[in-house]
2 protein chains.
Amino acid sequence: MASAVEVEQKYELITRRLQEVLGGDLIKSILAEGRTLKAYWGTAPTGRPHIGYFVPLTKIADFLRAGVEVKILLADVHAFLDNLKAPLDLVAHRTKYYEFVLRTVFETLGIPTSKLIFVQGSDYQLTREYNLDNYRLCASVTEHDAKKAGAEVVKQVDSPLLSGLLYPGLQALDEQYLGVDFQFGGVDQRKIFTFAELHLPRLGYAKRAHLMNPMVPGLAGGKMSSSDPNSKIDFLDPPDVVRKKIKGAFCAEGDIVENGLLAFTKAVLIPISELRLERARREAHPNDTELSESDATGSQKPFADDDAPEGTVFTLKRNPKFGSSSHYKTYQELEDDFAAKKIFPADLKSSVEAAILSLLEPIRKTFLANEEWQRIEKLAYPDPSASEPKKKKKEKVYHPPPPGKGKNTNTNTKTSIETAAPTEATVGTAVLAEAPAKSEQAKEQDAPTS
Amino acid sequence: MASAVEVEQKYELITRRLQEVLGGDLIKSILAEGRTLKAYWGTAPTGRPHIGYFVPLTKIADFLRAGVEVKILLADVHAFLDNLKAPLDLVAHRTKYYEFVLRTVFETLGIPTSKLIFVQGSDYQLTREYNLDNYRLCASVTEHDAKKAGAEVVKQVDSPLLSGLLYPGLQALDEQYLGVDFQFGGVDQRKIFTFAELHLPRLGYAKRAHLMNPMVPGLAGGKMSSSDPNSKIDFLDPPDVVRKKIKGAFCAEGDIVENGLLAFTKAVLIPISELRLERARREAHPNDTELSESDATGSQKPFADDDAPEGTVFTLKRNPKFGSSSHYKTYQELEDDFAAKKIFPADLKSSVEAAILSLLEPIRKTFLANEEWQRIEKLAYPDPSASEPKKKKKEKVYHPPPPGKGKNTNTNTKTSIETAAPTEATVGTAVLAEAPAKSEQAKEQDAPTS
């Protein structure tokens, strides 16, 4: 049994900054029992993960600090289905690559990973039991309900594929087969989550809690075109490439809505600053004993100047010609100043750029020191610049396009990032966004138009 | 290599009386190679099989006589999904029961069964490979195409279940996993079959041939209500029950369309008469060496009087008050006489009744001599008259009705025969009809209305 204060502290750590919690009472009761909470977050190992993944990972860091056992589902079966052009062995390499990246992010942040477990979908999603349950689900779920559940995350097209109807059910079954107490995802997963809450009990399984992150617009700005896939910042991009991409990000003076830089600052940079401040003040959560600066492979300084007042979570450095730096203790103050045009976009860009470079530097360093990761990277993403035309040729030989594809260029075939040629405005949200959960990519990316 | 004459003879035996053949060239080329043709026909072991199963079995007898290796797929996974109320062990008993019945039918007819193989769906439909292929299929088949494929065999309702969309794909995969050259079914399966022809090659598998039986109206007459499920004749019904059911069959003077008795005569009785005549004349196919009267456990006389002219395939016995018997060498002559009102319905009924009784007598005798079959029968269909209300109670405890069920009493949940309370006119076709293939039941039967 945990004390009421402990329960409240952990619950606060687990749920802070979330947009919505379904089943908070369940989480509290497990915390009160003193039992280890178990959670899962899923992502399909398709294209190279971009730094939008920092958004869920920053939240998962809270779970880990609160002692939650976190399973990261690398949904390899989904990745294979998302892009039938990618053979299974390529997906296997990508799965390993994702694990390298995600694990390294936690290590550079100094987050304890003893309760972090990577699971591959193929470990259980092709078993007899899982598939019988999938069939059982399909025999009690209507097309209408499956379509409704996927409405936010599966692209709504004239000729949707059957797979889009299966994903909500599979994601529900994952909760049971991963044996978790709650699932975490972006709030765009809400209908998938409520679907799971309705249908798992109908199969005789427990209803799980669902924790939802707010959606975060991309670096290029939500409504802007991001037809240039290079605008996504890769975890391994060298500093000059990062600088170039941030330079190209959309950031209009006074505009706080279509502002991927502010969004990333709010969702990633300031939480990480707070983590570091908490740690420095030894104010970390009582159960946060594993956290010590020496464990982290990256910097443990908040994104603030050395001479900033205590409690500063973000320092905006100005071009000296136009004034001195501003120090912020909350995101809101920063946003207010930007809205009031007290901050030039160029200064926001350079401040965010410095923070991103400091986040990426130890990750890149780890990569360059790890031969196995380098080997896997080559296998997972061979010759990325030339891969698209080659693959298309192959596809025509072995996998004729599915019916309706000719009529509907925007199918919900989920394509890997490097082969996607996004054409819709909303695609821009992928650049720095909430990292896609496994059924989320369809919305973010368009299938190649030919 | 087989001679051209042999090929033609076997091809004729394999395809005679069918309504449609897709891929006949494939069948001929395999026959010409001298390779053993392999075929499959599927049925879901749900309710007690009724004598409508004689229709496909009579055709399958031709395949076996032509040396085709025939796999009968007892689709237990489908049966389980069709009726989630029936637990898996009950389905297992029903699967055994079906095998007893179907095997016995061939034995009583004297059909060689050395190339008859019973396969259970669960033998392969829950494996890793099959399920990955199912997912692959779902990632390339649109909802629209799946719905179109199932239009004839899955009841079209406002809120169809996902399972109805999966069935066409699963049935296509069965061809690959059973390793057959052709699939056999009723012509109502046509869209499912053409779906398989289109999609298997897209997965890299061979396109199979498809042989289709005509649809046969039920005993009660196609448009008549058959709200009394007792009107279906069970293989094990004792003679007095059979007589009662035939007495209740719809048979209007001169009406050759809504006439289940004529339909059964055409599709079952006359082909069996012809089989027996061929055998008696030693005109059987050259490869028909296994066929000898001594192998058959049932009568080997055609359904003709002893004093009928040679070649008679059906004798209509009349009430002596109204005339003497009529002997027919073809079905057409019988139908013409009935259309011309030269035959009273009562005389047709009594003639067909005698034939059905003679078909069922050796089956019932085999059952009564086989303790294992009797034991399985009790387990497979326990207390049939009282089972429905009990099961419904159970269902409420463990399986709340799926969404949309309240609004749509005619869901495409496939229900077992004994719990079905058919309400639609077309349901009448089930009584003596083409035995349902595994995805066919939905159309023939209505889900319980409460």
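Refer to the structure printed above.
Conventions we followed
- Residues numbered from 1 in each chain as written.
- Chains lettered and ligands numbered in written order.
- Predicted model: local features only at pLDDT ≥ 70, side-chain atom pairs only at ≥ 80, totals over all residues.
- Heavy atoms only, no water.
- Helix = DSSP H or I, 4+ residues; strand = E, 2+ residues; numbered from the N terminus.
- Buried < 20%, exposed > 50% of the residue type's maximum accessible area, 1.4 Å probe, protein only.
- Contact = heavy atoms within 4.5 Å.
- Areas by Shrake-Rupley, 256 points an atom, 1.4 Å probe, with all protein chains shown as cover.
- Pairing = 2+ DSSP bridges.
- Right-handed = clockwise from strand over helix to strand, strands pointing away.
- Least-squares fit on C-alpha atoms with pLDDT ≥ 70 in both.
- Salt bridge = Lys/Arg side-chain N within 4 Å of Asp/Glu carboxyl O.
- Buried area = accessible area lost by both parts, 1.4 Å probe.
- Polar contact = N/O pair within 3.5 Å; in protein donor to acceptor, adjacent residues only side chain to side chain.
- Axes fitted to C-alpha atoms, helices over the stretch in contact; angles between N-to-C directions.
- Parallel < 35°, antiparallel > 145°, perpendicular 65-115°, else oblique.
- Left-handed = near helix turned anticlockwise from the far one by under 90°.
- Nonpolar A, V, L, I, M, F, W, Y, C, P; charged D, E, K, R; others polar.
- Phe/Tyr/Trp six-rings, centres within 6.5 Å; stacked < 30°, edge-to-face > 60°.
- Lys NZ or Arg CZ within 6 Å of the ring centre and 35° of its normal.

This part takes up the overall build of chain A. Helix and strand content of chain A: 16 helices and 8 strands. Looking at the 450 residues of chain A, the share that counts as buried comes to 61%. For chain A, the proportion of contacts with a sequence separation of at least 24, taken over those separated by at least 6, is 80%. Accessible surface for chain A amounts to roughly 17400 Å². Of this, 53% is attributable to carbon and sulfur atoms.

Backbone phi values are negative for most residues with the exception of glycine, while trans is the configuration of most peptide bonds. Positioned with a positive phi, A:K341 is a non-glycine residue whose angle comes to about 60°. A positive phi is found at B:R17, a non-glycine position, where the angle reads about 65°. Judged by relative accessible area, which is 33%, B:R17 ranks as partly exposed.

This brings us to the environment of A:I356. All names here are of chain A. For I356, the location among the structural elements is in helix α13 (residues 345–369). Overall, I356 belongs to the buried group, its relative accessible area being 1%. Here the alpha-carbon distance between I356 and P239, two residues 117 residues apart in the chain, equals 9.3 Å. Beyond its immediate sequence surroundings of up to four residues, I356 is in contact with I51, V242, I246 and F264.

The next point concerns the pairing of strand β3 (residues 69–74) of chain A. Each regular strand displays side chains that alternate between the two surfaces of the sheet. Residues and elements named next belong to chain A. Of all 6 residues in β3, 6 are buried, a share of seventy percent or more. Side chains E69, K71 and L73 of β3 all project onto a buried face; the interleaved residues V70, I72 and L74 project onto the opposite face, where all are buried too. Across 6 bridges, strand β2 (residues 38–43) lies against β3 in parallel orientation. The partner of W41 across the bridge, within β3, is I72. Handedness of the β-α-β unit built from β2, helix α3 (residues 54–65) and β3 comes out right-handed. Both β3 and strand β4 (residues 116–120) contribute to a ladder of 5 bridges, which runs parallel.

What follows covers the relation of the copies chain A and chain B. For the match of chain A to chain B, the screw axis carries a shift of 0.0 Å, the RMSD comes to 0.0 Å, and the turn is 180°. These values place the two chain copies in the arrangement generated by a two-fold rotation axis. Taken together, the interface assignments show that 100% of the residues at the interface of chain A recur at the interface of chain B, consistent with an identical surface on both copies.

Let's shift gears to the pattern of salt bridges. Residue and element names in this part refer to chain B. Applying the stated criterion to the full structure yields 41 salt bridges over all chains. A salt bridge links R48 to D234, with the nearest nitrogen and oxygen atoms 2.6 Å apart. You can see R48 sitting in the loop between β2 (38–43) and α3 (54–65) and its partner D234 sitting in the loop between β6 (209–213) and α10 (239–247), a full 186 residues away along the chain. Accessibility classification places R48 together with D234 in one group, the buried group. Here R136 makes a salt bridge to D133, at a shortest N to O gap of 2.6 Å. Taken together, the residues R136 and D133, both in helix α6 (residues 128–138) and 3 residues apart, mark about one turn of the helix.

In this section: the interface of chain A and chain B. If you look at the interface, chain A gives 41 residues, while chain B gives 41 residues. With both sides pooled, the region where chain A packs onto chain B buries about 4000 Å², and carbon together with sulfur makes up 66% of that total. When the buried surface of chain A facing chain B is broken down by residue, A:Y135, A:E143 and A:L162 rank first, second and third, together holding 20% of it. Remark: the boundary between chain A and chain B carries 2 salt bridges. Between B:E143 and A:K147 there is a salt bridge; the shortest N-O distance is 2.7 Å. Taken together, the connections running from chain A to chain B amount to 14 residue pairs in polar contact (both at pLDDT 80 or more).

In this section: the packing of α3(B) against helix α11 (residues 260–280) of chain B. All names here are of chain B. Where α3 meets α11, the closest approach of the two axes is 9 Å, and the angle between their N-to-C directions is 30°. On the basis of their axis angle, the class for α3 and α11 is roughly parallel. At the point where α3 passes α11, the crossing takes the left-handed sense. Here F54, V55, T58 and R65 of α3 come into contact with α11, specifically with F264, A267, V268, P271, I272, L275 and E278. Class assignment for the residues of the contact of α3 with α11 results in 8 nonpolar, 1 polar and 2 charged.

Scanning all chains against the criterion turns up 28 aromatic pairs over all chains. Between B:F54 and B:F264, the ring centres sit 6.3 Å apart and the planes meet at 80°, which makes this aromatic pair edge-to-face. Here B:F264 lies in helix α11 and B:F54 lies in helix α3, a separation of 210 residues in the sequence. B:F264 gets classed as buried once you look at its relative accessible area, which sits at 0%. Ring-pair connections join several aromatic residues into one group, and the members of that group are A:Y97, A:F100, A:F367, A:W373 and A:Y381. When the ring centre of A:Y11 is taken as reference, the NZ or CZ atom of A:K28 above it lies at 4.6 Å.

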